[in-house]
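Residue-level structural notes
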Amino acid sequence: MEEKMKEENIVMPDYKHCILGTITSILKYYNVDSKHKSSEKIDKILNEKNYKNVVLLILDGMGDIVLKNIDENGYFRKNQIDVVTSVYPSTTTAALTTYYAGKPPFETGWIAWSQYFKEYGKNIDMLSHMQSLTGLNIKNAKLDVFKEIVNYKTIFNQIEEASKDVKAYEIMPSYSDRRSKRTIKADSIDEITENIKLLCENDDKKFIMAYSDNPDGLLHKYGTKSDEVKEFVIETEKKIKNMCDNLNDDTIIIISADHGHKDIEKSYSILDYPVLQKCLLMPPSLESRCITFWVKENMKEEFEREFNKEFKEEFMLMSKEEFLSKNMLGFGDMHNKIDDFLGNYIAVSISGSIIVLENYLEKGKGVKKSTHCGLTRDEMEVPIIVLKK
């Protein structure tokens, strides 16, 4: 019975029914060609009329489980049309880049928070562009990997090239990288909704993608069932409803998330397992719920045996070949850095456990109350909400 419940709680990425389909539908609406499958439900709604404004609002971390924990009759729940999976890994780096590029991690090379670049001989935090653990910047590097190696064409450029009469905007936190030539900085739901309202009053046809880094920040700090998260979502529902009540019927709002969240129950350090340590060529990489290992060729059997002896009930261990054959990162033209970013093994959390990334020189980041990047239902399933008149 317990084994069956665990299997039911594991959700694999479904690239025919995931967040990639959401952005593909929007690209399709604006005449952008894509080889990826769109969302049939969103396609049908977008084809009902010629909308002047299409708004995509991403609430970071607001998985389906978050809404279930709050109110089944809430504003978001009443307007929810679907539940889809995130991409894999179920983390902001991979998922938000999927929205921004209209491509899965397999094609973008954006996989997880910390990725190893042989060009620098270091793990780099993808979103901050800083060295992992040390926090040092890479400003003086002779090669900027983010401009030369893991760059991509944004959806904003794709939309404006395919539909010349449309202006594409992004609304984002002040600390974020700019991805559109029409960027507006907003650091709260109040600022986001006010800017959406002002933009929609203009006569231009436009696509607006807005991103809020909450409830993710609150979820990390307080957990999925916390009052702080509940209050944020309820207040956000009120503010978005008020915004929508003041918009014309030529605007449609699509709300979703990048991933969900899983409360953390156990935390491990690989430094406490000397037998596993001696099998490694270099420190692990990626994230605490999706860890990649570079294992010595002559110690693969020992590594598999020891890892599964310690963590089999909490982590699914796959070889790189198995991980890629399961299309965990998606489909398409494989980015040429995937082979570099993945070691010869990947361990994926299927429980409430994490393995922290750290070494003997630099302590890893602190353990959070809740996080993501594993394969549980809580972090893999996200809602699709549509608001229109």
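Relevant structure appears above.
These numbers come from a predicted model, not from an experiment.

**Some points on the sheet that holds strand β1 (residues 53-59)**
- Strand order across the open sheet formed by 7 strands is β2-β18-β9-β1-β8-β6-β7, with mixed pairing between neighbours. At either margin of the open sheet sits one strand with a lone partner, and together these are β2 (80-85) and β7 (183-185). Along the sheet, successive strands turn relative to each other by an average axial angle of 20°, direction set aside.
- Bridge count for strand β6 (residues 166-172) against strand β8 (residues 205-212) is 6 bridges, and the pairing is parallel. By the bridge assignment for β8, Ile-171 is matched with Ala-210.

**Some thoughts on the nonpolar core**
- Counting 102 residues, the largest nonpolar core has Phe-76, Phe-207, Met-209, Ile-255 and Phe-323 as its most contacted members.
- Ignoring sequence-local partners within four residues, the contact set of Phe-323 consists of Tyr-88, Met-318, Met-328, Leu-329, Leu-342, Ile-346 and Val-348.
- The next biggest cluster of nonpolar side chains, apart from the first, holds 20 residues, and it includes Ile-270, Leu-271, Phe-311 and Phe-315.

**A closer look at the pairing of β1**
- Of all 7 residues that make up β1, 7 are buried, and the element is covered over most of its length.
- Because side chains alternate across β1, one face comprises the buried residues Asn-53, Val-55, Leu-57 and Leu-59, and the other comprises Val-54, Leu-56 and Ile-58, equally buried.
- Here β1 runs beside β8; their pairing, made up of 7 bridges, is parallel. Of the residues in β8, the one forming a bridge with Val-54 is Phe-207.
- Here β1 runs beside strand β9 (residues 251-256); their pairing, made up of 6 bridges, is parallel.

**What about helix α14 (residues 300-311)?**
- The end-to-end C-alpha separation of α14 is 16 Å, in line with the 16 Å expected for 12 residues at 1.5 Å each.
- Along α14, the positions that sit buried rather than exposed are Phe-303, Glu-306, Phe-307 and Phe-311. All buried residues of α14 lie within an arc of 100° about the axis, which places them on one face of the element. With respect to the buried face of α14, the exposed residues turned more than 90 degrees away are Glu-301 and Lys-309.

**Focus on the side chain of Lys-206**
- Structurally, the position occupied by Lys-206 is in strand β8.
- Buried within the structure, Lys-206 lacks any salt-bridge partner; Asp-204 is the closest side chain of opposite charge, at an N-O distance of 5.6 Å.
- Within the structure, the side chain of Lys-206 is placed 2.9 Å from the side chain of Asn-53, a separation counted as a polar contact.
- Those residues in contact with Lys-206 that sit more than four places away from it in its chain are Tyr-30, Lys-52, Asn-53, Val-54, Val-166, Lys-167, Tyr-169, Leu-199 and Cys-200.

**A word on the side chain of Asp-378**
- Checked against the element boundaries, Asp-378 lands in helix α17 (residues 377-380).
- Salt bridges are absent for the buried Asp-378, whose nearest opposite-charge side chain, Lys-262, sits at 4.0 Å.
- Beyond its immediate chain neighbours, meaning those up to four positions away, Asp-378 contacts Ile-65, Gly-260, His-261 and Lys-262.

**Points about the packing of aromatic side chains**
- A full pass over the atoms with the stated rule returns 22 aromatic pairs.
- Seen in terms of ring centroids, Tyr-75 and Phe-76 are 6.3 Å apart; in terms of plane orientation they differ by 35°. Their pairing is tilted. We note that Tyr-75, like Phe-76, is buried.
- An angle of 75° between the planes, with centres 6.3 Å apart, marks the rings of Phe-307 and Phe-315 as edge-to-face.
- For Phe-315, a relative accessible area of 2% gives the class buried.
- Joined through ring pairs, the aromatic side chains of Tyr-268, Tyr-273, Phe-293, Phe-303, Phe-307, Phe-311, Phe-315 and Tyr-345 make up one cluster.

**So, the environment of Asn-195**
- Here Asn-195 lies in helix α10 (residues 189-200).
- For the pair Asn-195 and Ile-234, spaced 39 residues apart in sequence, the C-alpha separation works out to 20 Å.
- Residue contacts for Asn-195: discarding those within four places in its chain leaves Ile-171, Ile-184, Lys-185 and Ala-186.
- Of note is the side chain of Asn-195, whose polar atom sits 2.8 Å from the backbone oxygen of Glu-191.

Rules of the game
Residues numbered from 1 in each chain as written. Predicted model: local features only at pLDDT ≥ 70, side-chain atom pairs only at ≥ 80, totals over all residues. Heavy atoms only, no water. Pairing = 2+ DSSP bridges. Helix = DSSP H or I, 4+ residues; strand = E, 2+ residues; numbered from the N terminus. Axes fitted to C-alpha atoms, helices over the stretch in contact; angles between N-to-C directions. Core = buried A, V, L, I, M, F, W, Y, C linked by side-chain atoms within 4.5 Å. Buried < 20%, exposed > 50% of the residue type's maximum accessible area, 1.4 Å probe, protein only. Contact = heavy atoms within 4.5 Å. Expected span 1.5 Å × (residues − 1). Arc of directions from axis to C-beta. Lys, Arg positive; Asp, Glu negative; His and termini not counted. Salt bridge = Lys/Arg side-chain N within 4 Å of Asp/Glu carboxyl O. Polar contact = N/O pair within 3.5 Å; in protein donor to acceptor, adjacent residues only side chain to side chain. Phe/Tyr/Trp six-rings, centres within 6.5 Å; stacked < 30°, edge-to-face > 60°.

Distances and angles like these do not, on their own, reveal function.
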